[in-house]
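Spelled out, the chains give:
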Amino acid sequence: MGKIHQLHTAVSCSLSSILTGSLYVWPSYTIGLYTANDTKLLVTPMADTESSLLGSLPSLGAMLGTAIVGLVISNLGRQKGGMLLALPFVLSWLIIDMSSSSLMILIARFIGGIGCGAVLVYAPMFISEVAEESIRGRLASVPMACYCMGLQMSYILGWCLSYRYILWVNLALSILNLALLMTVTESPVFLMRQNREEDAKMSIAHYRGESPGSKVVLEEVSRLKQLLTPAVELVPLNTENTKAEEAEKEKLNVEEDTPHIQTKPSAIKLLYRSPSSRRGFTVVGLLLSLQVMMGLVAVQVYAKQIFSQAAPSLSSHLCSVIFAMVILLGSIFSLVATDKFGRKILIIISSSSVALCLCVMGAFLQTGVVPAWVPALLILVYCFFFMSGAGSVPYVLLSECFVPDVQSLASTLLMEWVWLLNFFIVAIFPFLIKYFGIHGSFYVFAIFATFNSLVGIFLLPETKGLTNDQIQEALMRRKK
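Residues numbered from 1 in each chain as written. Predicted model: local features only at pLDDT ≥ 70, side-chain atom pairs only at ≥ 80, totals over all residues. Heavy atoms only, no water.

Tell me about the overall build of the protein chain, and please be specific about residues and values.
Along the protein chain, the regular secondary structure elements total 22 helices and zero strands. Residue pairs at least 24 apart in sequence account for 79% of intrachain contacts in the protein chain once pairs closer than 6 positions are excluded. As displayed, the protein chain offers around 20,300 Å² of accessible surface, 66% of which is attributable to carbon and sulfur atoms. (Helix = DSSP H or I, 4+ residues; strand = E, 2+ residues; numbered from the N terminus. Contact = heavy atoms within 4.5 Å. Areas by Shrake-Rupley, 256 points an atom, 1.4 Å probe, with all protein chains shown as cover.)

Which residues make up the packing of helix α1 (residues 2–25) against helix α6 (residues 133–140), and what are the values?
Each pair of packed helices can be summarised by the angle the axes make with each other and by the distance between the axes. In contact at an axis separation of 11 Å, α1 and α6 are set at 25° when each is read in the N-to-C sense. With respect to α6, the element α1 is oriented roughly parallel. You can see that α1 and α6 cross each other, and the crossing is right-handed. Here Lys3, Gln6, Leu7 and Ala10 of α1 come into contact with α6, specifically with Ser134, Ile135 and Leu139. (Axes fitted to C-alpha atoms, helices over the stretch in contact; angles between N-to-C directions. Parallel < 35°, antiparallel > 145°, perpendicular 65-115°, else oblique. Left-handed = near helix turned anticlockwise from the far one by under 90°.)

Explain a nonpolar patch on the surface to me, and be specific about the residues and the numbers.
Among the surface-exposed residues, Ile447, Phe451, Leu454, Ile457 and Phe458 lie close enough to one another that they form a single nonpolar patch of about 480 Å² accessible area. Inspection of the secondary structure puts Phe458 in helix α21 (residues 404–458). Judged by its relative accessible area of 57%, Phe458 falls in the exposed class. (Patch = residues over 30% accessible without salt bridge, like charges linked within 9 Å, V, L, I, M, F, W, Y side chains within 5 Å. Salt bridge = Lys/Arg side-chain N within 4 Å of Asp/Glu carboxyl O. Buried < 20%, exposed > 50% of the residue type's maximum accessible area, 1.4 Å probe, protein only.)

Lay out the side chain of Glu129 in plain terms, naming residues and giving numbers.
Among the secondary structure elements, Glu129 is positioned in helix α5 (residues 102–130). In this structure Glu129 comes out as buried when scored by relative accessible area, which is 13%. Apart from residues no more than four positions distant in its own chain, Glu129 is found in contact with Arg78, Ser187, Pro188 and Val189.

So what about the state of the cysteines? Which residues, and what values?
A complete count under the given rule lists zero disulfides for this structure. Sulfur of Cys146: no disulfide; nearest cysteine sulfur belongs to Cys13 and is 8.8 Å away. (Disulfide = S-S within 2.5 Å.)

Hey, could you go over the packing of aromatic side chains for me, with residue numbers and the actual values?
Under the definition given, this model contains twelve aromatic pairs. Between Trp26 and Trp93, the aromatic rings sit 5.6 Å apart at their centres with planes inclined by 90°, giving edge-to-face as the arrangement. Note that Trp26 is positioned in the loop between α1 and α2 (27–35) and Trp93 in helix α4 (residues 78–98), a separation of 67 residues in sequence. Neither Trp26 nor Trp93 differs from the other in exposure class; each is buried. Ring geometry for Tyr122 and Phe126: centres 5.9 Å apart, planes at 45°, overall tilted. Taken together, the positions of Tyr122 and Phe126, both in helix α5 and four residues apart, correspond to about one turn of that helix. Comparing Tyr122 with Phe126, the two get one shared label, buried. What links up through ring pairs into an aromatic cluster is the set Trp26, Tyr34, Trp93 and Tyr163. Over the ring of Phe341 we find Lys340, and its NZ or CZ is 5.9 Å from the ring centre. (Phe/Tyr/Trp six-rings, centres within 6.5 Å; stacked < 30°, edge-to-face > 60°. Lys NZ or Arg CZ within 6 Å of the ring centre and 35° of its normal.)

Could you give me a rundown of a positive patch on the surface, with the residues and numbers involved?
Together, Lys3, Arg138, Lys340 and Lys464 line one region of the surface with positive charge. One can find Lys464 in the loop between α21 and α22 (468–479). (Lys, Arg positive; Asp, Glu negative; His and termini not counted. Charge placed at Lys NZ, Arg CZ, Asp CG, Glu CD.)

Residues and numbers for the packing of helix α7 (residues 142–160) against helix α8 (residues 163–181), please.
As a packed pair, α7 and α8 sit with axes 10 Å apart at the nearest point and diverge in direction by 150°. With respect to their mutual orientation, α7 and α8 come out roughly antiparallel. Contacts between α7 and α8 pair Met153, Leu157 and Gly158 from the former with Ile166, Val169, Asn170 and Leu173 from the latter. Taken together, the residues that form the contact of α7 with α8 break down as five nonpolar, two polar and no charged. (Nonpolar A, V, L, I, M, F, W, Y, C, P; charged D, E, K, R; others polar.)

Account for the pattern of salt bridges, naming residues and giving values.
Under the criterion given, the structure shown has ten salt bridges. Two residues, Asp97 and Arg164, come together in a salt bridge whose shortest N-O distance is 2.9 Å. Placement of the pair is Asp97 in helix α4 and Arg164 in helix α8, with a sequence separation of 67 residues. Look at Arg164 and you get partly exposed, because its relative accessible area is 31%. The residue Lys201 makes a salt bridge to Glu198 at a minimum N-O spacing of 3.7 Å. Here Lys201 and its partner Glu198 are both found in helix α10 (residues 197–208), three residues apart, which amounts to about one turn of the helix. A network of salt bridges, in which partner residues are shared, links Arg208, Glu220 and Arg223.

Break down the nonpolar core for me, with residues and values.
Judged by nonpolar contacts, the single largest core of 131 residues is most densely connected at Trp26, Tyr34, Ile96, Leu296, Phe323 and Tyr382. Here this core takes 18 residues from α21, the largest share from any one element. Ignoring anything within four residues of it in the chain, the contact list for Ile96 reads Trp26, Tyr34, Ile105, Ala108, Arg109, Tyr163, Arg164 and Leu167. The next biggest cluster of nonpolar side chains, apart from the first, holds twelve residues, and it includes Val189, Met192, Ile204 and Ala205. (Core = buried A, V, L, I, M, F, W, Y, C linked by side-chain atoms within 4.5 Å.)

Explain the side chain of Ser441 to me, using residue names and the numbers behind them.
Mapped onto the elements of the fold, Ser441 is located in helix α21. You can call Ser441 buried: its relative accessible area is 1%. Side-chain polar atoms of Ser441 contact the backbone oxygen of Gly437, separated by 3.1 Å. Dropping the residues within four chain positions of it, Ser441 is found in contact with Phe429, Leu432, Ile433 and Phe436. (Polar contact = N/O pair within 3.5 Å; in protein donor to acceptor, adjacent residues only side chain to side chain.)

Below is the structure:
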């Protein structure tokens, strides 16, 4: 029963990821409706600059969402904070539905981006705090799988439904997201930080399917205390009465040698001073940066245009739907394989396969020696290999490579950087195509995929099935 509760929470806080995927690729089939000279959706057609912002503004909004997510969930908790962070999706689709002004639609896209940025930090963090080690990798992959489902849904809606019905479906899902978040149980980590130990016991019991007084629950409470409380304060709790004097002397000696130990360092100082945290920040930061520079974000936003150029004889709508389906299959494969095979091997195989696929695809597009359907098929293969490891595993690592005291700060900083890179790659992609061609763009992406495989080989430790303490040790061993 406990695993069902964990899955329920994972799905509830990951529905925002479906909305993120839908919101992000929505311009791929809408921009033509806004820029047409005879458009009836807007007072005046969108200019080139406005149509460019339609696709890229959510990334800037996501930077704001990423910046505030830590403050919101630290003060309001994972459940109530999650509900507040889901509101931008509702507001965004409402404004778009009610407006015929280009400015208001662009503002709505920025507001929606706030929710996008927040959920990519919030959902993996919440899931990692309630999931057991045995299924943590699978559940931490749920947000990415849901994001891919959002892509699939959005492309299908764009193919099959009219403009208004698409808006209403997204609005209904946004409201459903809020409703589901009302039903989840608060994270025990947040409750322990609020000194609500009894509530934390109830939360752990809920997520483990045990009674509050069971051994499993008490051990989990003890583990959380060790993670969240300075070790010197726990000495009296772990000694017997006959050794109380000894423990007190040891405590006093520690205090004399290190008088600052009673004051916990701030998260930023801990991130800077802790070797394992610095190591985790570097490795995860590299993997996240390189996966963005492997180009799938740009391919998603411009999917219809890319397929029109790569395979003009095929239906771009059909190719886009199949494209999203392949991304979803890749993420589902990652969901199953992450805990079965491990994080490291998936990153290496995925990145190497992507590099090879991009090089072959670029060569075929450059020479034109094969039929149009072959490059289109290779784009799909590239997407599958990307999502099977390089595109999803870094977000699993983001949720498990940091101690709780720096988790929020590290996730916020890294996701700010990721959204900035997203904005950059989406903005420059049309210029890459213009000056280097589609084949040249794929060669550039292949270089970053090669670097990603090297990071997996030489820098990334395996974290499969390890507790947080063991992961910190593994990071240090890898450094040595």
